[in-house]
Amino acid sequence: MTEQHAQLVVIGGGPGGYAAAFLAADMGMSVTLVDPEANPGGTCLYRGCIPSKALLHVSRVINETREAESWGVHFARPTIELDRLRAWKEQVVGQLTGGLGQLVKQRKVNHVHARAAFRDDTTLVLTDEKGSESILTYDHAIIATGSRPVTIPGFAPGAGHIWYSRQALDLNEIPKRLLVIGGGYIGLELGSVYATLGSEVTVAEMMPTLLPGVDRELVRFLSKRLGDTFKDILLQTRAVNPKVQKNGIKITFEAEKGAPAPQLFDKVLVAVGRRPVSDGLGLENTDVKCDDRGFIQTDEQRKTAAQRIFAIGDVAGEPMLAHKASYEARIAVEVIAGLNVRYEPAAIPAVVFTDPEIAWAGLTEAQAKAGGMAVQVTRFPWAASGRAATLGRSDGMTKLVIDSDSERILGAGIAGPGAGEMIAEAVVAIEMGANVTDLGLCIHPHPTLSETIKEAAEIFHGTATHIFRPKRTK
Ligand code: FAD
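These numbers were taken from a predicted model, which means no experiment stands behind them.

Trainee: Please provide a residue-by-residue account of the packing of aromatic side chains, values included.
Mentor: Considering all chains together, one arrives at five aromatic pairs under this definition. Between tryptophan 163 and tyrosine 194, the ring centres sit 5.2 Å apart and the planes meet at 45 degrees, which makes this aromatic pair tilted. With a gap of 31 residues between them, tryptophan 163 in strand 8 (residues 162–163) and tyrosine 194 in helix 6 (residues 185–197) connect regions that are remote in the sequence. Summarising the burial analysis for this pair, tryptophan 163 and tyrosine 194 share the class buried. Positioned above the aromatic ring of tyrosine 343 is the side chain of arginine 302, whose terminal nitrogen or guanidinium carbon lies 3.9 Å from the ring centre. Lying over the aromatic face of phenylalanine 460, lysine 471 brings its terminal NZ or CZ to 4.9 Å of the ring centre.

Here it is in structure tokens:
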């Protein structure tokens with residue numbers, strides 16, 4: 001068995017792993033990246049963020065042609081060439097993963113196409129796709145093995161009519177009747193894509209609302225629109241007992257009251273969450289500890305209980321988002337390089353790329369209330385935005401959570417098209433400790449949706465131009 005040594009080994013080539021490998025190489029370390037794929041990219045590029053957003057863009061274009069009807073502009077009903085659409089999505093993925101492959105070469109990162117498992121705290125066994133094994137010892141290791149979908153008993157992945165996000169993104173067919181189990185962001189994004197491509201989509205969600213855990217006030221805008229996009233949204237409803245029949249798959253529904261009758265679907269997409277890939281890594285041979293959900297436990301420097309081993313990204317805890325993984329990569333690498341840094345973001349943005357988009361960052365109104373904090377919440381309805389009117393999309397809101405004493409921006413939430421792009425301004429404001437006066441004094445371009453952030457800040461002083469909200473006296 002061959003044996004090699006690396007100053008730093010990164011296990012997993014997703015947005016956590018490749019960001020760590022690249023930064024470490026930029027800082028002069030000799031880096032080995034272990035990932036089975038031909039190029040880095042991980043879940044995000046191959047079967048997550050990127051392919052889903054490429055398809056959501058198509059969905060948005062189709063929806064815009066429909067919206068134009070009400071302005072007297074008529075397009076013919078679109079015909080979908082599925083092979084070309086799939087090829088385009090794959091080309092986007094190929095372009096980005098290929099680009100990362102180039103960056104691996106330019107930075108002289110040693111990419112080993114294999115799976116890694118720990119033999120002990122300082123040694124890994126690498127197994128390539130032919131089953132050949134080699135040994136790698138290291139000074140430091142970063143685990144960035146990501147997550148995989150949670151499965152439901154009876155709904156086995158890959159079995160005929162059952163899809164998980166990966167199969168939905170393969171885009172092999174547009175089912176006539178699609179059931180989405182799970183009203184979280186992955187289910188709603190992929191359900192929206194298929195609904196626009198022509199499927200009759202039903203969503204079943206166990207909880208009383210879509211996007212459980214997200215600000216209700218923002219979700220209301222989405223629920224209203226999805227009520228038209230989807231055939232049915234079944235809340236507080238469980239989908240159980242799948243029975244494959246000649247003409248589809250029959251699903252029974254359970255609800256405390258008024259469960260609908262069993263229904264036939266052509267495909268069922270299960271999107272009920274993701275769990276960390278911390279099994280099969282030989283962690284039992286190391287001092288690394290996991291919590292009861294399987295997330296690797298780390299300190300604020302992303303160090304595990306094993307002194308030389310770090311963990312980042314989905315495998316190291318919520319929120320399971322690509323940009324959080326890349327941010328943690330920077331912390332772990334800088335700590336390994338000897339810098340005294342720690343993980344303490346004030347705002348991790350999250351975006352649901354549906355129509356309308358929902359985005360938030362920092363403290364939510366509910367968190368502030370639960371924590372008994374003295375905050376003021378300002379809301380700027382898009383009905384008062386000139387730009388929203390020109391887009392025919394007044395169905396949105398920009399909301400700020402503001403510390404009552406310091407007047408600093410602590411959180412922001414936005415519902416509306418483009419919310420995902422806009423939330424970055426709020427992240428900068430929160431991280432830089434900006435207050436409402438700072439935001440109000442920044443000249444925002446007109447007419448843009450970004451003005452809604454400025455006006456939401458001005459509401460605090462009762463001076464927003466396009467809405468009358470006199471300052472509340474205490
Ligand atoms: P991953 O990207 O999961 O990468 C882990 C890598 O490790 C994989 O390549 C895997 O093959 C490799 N690996 C696993 N085990 C081993 C081993 N033993 N040896 C070697 N390699 C191994 N996030 C967003 O921020 N925005 C979005 O819009 C978004 N959309 C999404 C849509 C979908 C449909 C899905 C499924 C996810 C989406 N996510 C999104 C989540 C995002 O993909 C993850 O948060 C992100 O990929 C996590 O990065 P990571 O580096 O931790 O792990």
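Trainee: Quick one: what's the story with the packing of helix 3 (residues 49–67) against helix 6, residue by residue and with numbers?
Mentor: Two elements in contact, helix 3 and helix 6, have axes separated by 9 Å at closest approach and are oriented at 45 degrees. On the basis of their axis angle, the class for helix 3 and helix 6 is oblique. The two elements helix 3 and helix 6 cross, and the hand of that crossing is left-handed. Every residue of helix 6 that contacts helix 3 at Ser52, Lys53, Leu55, Leu56, Ser59, Ile62, Asn63 and Arg66 is listed here: Glu189, Leu190, Ser192, Val193, Thr196 and Leu197. Broken down by class, the residue content of the contact of helix 3 with helix 6 amounts to six nonpolar, five polar and three charged.

Trainee: Which residues make up the site of the ligand, and what values do they have?
Mentor: Around the ligand, a shell composed of 38 residues is seen, among which Gly16, Asp35, Thr43, Lys53 and Asp314 lie nearest. Separating an oxygen atom of the ligand from a side-chain N or O atom of aspartate 314 is a distance of 2.9 Å. Across the complex, the protein chains shield 96% of the 990 Å² of accessible surface that the ligand would expose by itself. Sorting the residues of the shell around the ligand by element identifies helix 2 (42–47), helix 3, strand 4 (115–120), helix 6 and helix 8 (322–336) as the ones contributing at least two each. The dominant element in the shell around the ligand, judged by the number of residues it contributes, is helix 2, at four residues. Class assignment for the residues of the shell around the ligand results in 17 nonpolar, 15 polar and six charged.

Trainee: Which residues make up the nonpolar core, and what values do they have?
Mentor: Within the largest apolar cluster, 34 residues are counted, with the highest numbers of intra-cluster contacts made by Leu188, Val201, Leu211 and Ile358. For this core, the secondary structure elements donating two or more residues are helix 3, helix 4 (82–106), helix 5 (165–170), strand 9 (177–181), helix 6, strand 10 (200–205) and helix 7 (216–229). If one sorts the elements of this core by residue count, helix 6 sits on top with six residues. Leaving out residues up to four positions away in the same chain, leucine 188 has contacts with Gly183, Val203, Leu210, Leu211, Leu222, Leu226, Phe230 and Thr354. Grouped together as the second largest cluster of nonpolar side chains are 30 residues, Phe380, Ile414, Val436 and Ile467 included.

Trainee: Describe the sheet that holds strand 20 (residues 375–381), and please don't skip the residues or the numbers.
Mentor: Strand order in the open sheet formed by five strands is 18-19-22-21-20, with antiparallel pairing between adjacent strands. Every other strand in the sheet has two partners, leaving strand 18 (350–352) and strand 20 as the edge strands with one partner each. For this sheet, the mean inter-axis angle between neighbouring strands, taken without regard to orientation, is 10 degrees. Sheet topology note: the strand 19 (residues 358–362)/strand 22 (residues 409–415) ladder contains five bridges and is antiparallel. Paired with glycine 362 across the strands is glycine 411, a residue of strand 22. Running over the sheet, helix 13 (residues 451–459) touches strand 20, strand 21 (397–403) and strand 22 and is turned about 135 degrees from strand 20.

Trainee: Explain the pattern of salt bridges to me, and be specific about the residues and the numbers.
Mentor: Under the definition given, this model contains 31 salt bridges. Linking lysine 53 and glutamate 189 is a salt bridge whose minimum nitrogen-to-oxygen distance equals 2.7 Å. In this pair, lysine 53 sits in helix 3 while glutamate 189 sits in helix 6, placing the two residues 136 residues apart along the sequence. As a salt-bridge pair, aspartate 395 and arginine 393 come within 3.0 Å of each other at their nearest N and O atoms.

Rules used in this analysis
Residues numbered from 1 in each chain as written. Predicted model: local features only at pLDDT ≥ 70, side-chain atom pairs only at ≥ 80, totals over all residues. Heavy atoms only, no water. Phe/Tyr/Trp six-rings, centres within 6.5 Å; stacked < 30°, edge-to-face > 60°. Helix = DSSP H or I, 4+ residues; strand = E, 2+ residues; numbered from the N terminus. Buried < 20%, exposed > 50% of the residue type's maximum accessible area, 1.4 Å probe, protein only. Lys NZ or Arg CZ within 6 Å of the ring centre and 35° of its normal. Axes fitted to C-alpha atoms, helices over the stretch in contact; angles between N-to-C directions. Parallel < 35°, antiparallel > 145°, perpendicular 65-115°, else oblique. Left-handed = near helix turned anticlockwise from the far one by under 90°. Contact = heavy atoms within 4.5 Å. Nonpolar A, V, L, I, M, F, W, Y, C, P; charged D, E, K, R; others polar. Near = heavy atom within 4 Å. Polar contact = N/O pair within 3.5 Å; in protein donor to acceptor, adjacent residues only side chain to side chain. Areas by Shrake-Rupley, 256 points an atom, 1.4 Å probe, with all protein chains shown as cover. Core = buried A, V, L, I, M, F, W, Y, C linked by side-chain atoms within 4.5 Å. Pairing = 2+ DSSP bridges. Salt bridge = Lys/Arg side-chain N within 4 Å of Asp/Glu carboxyl O.

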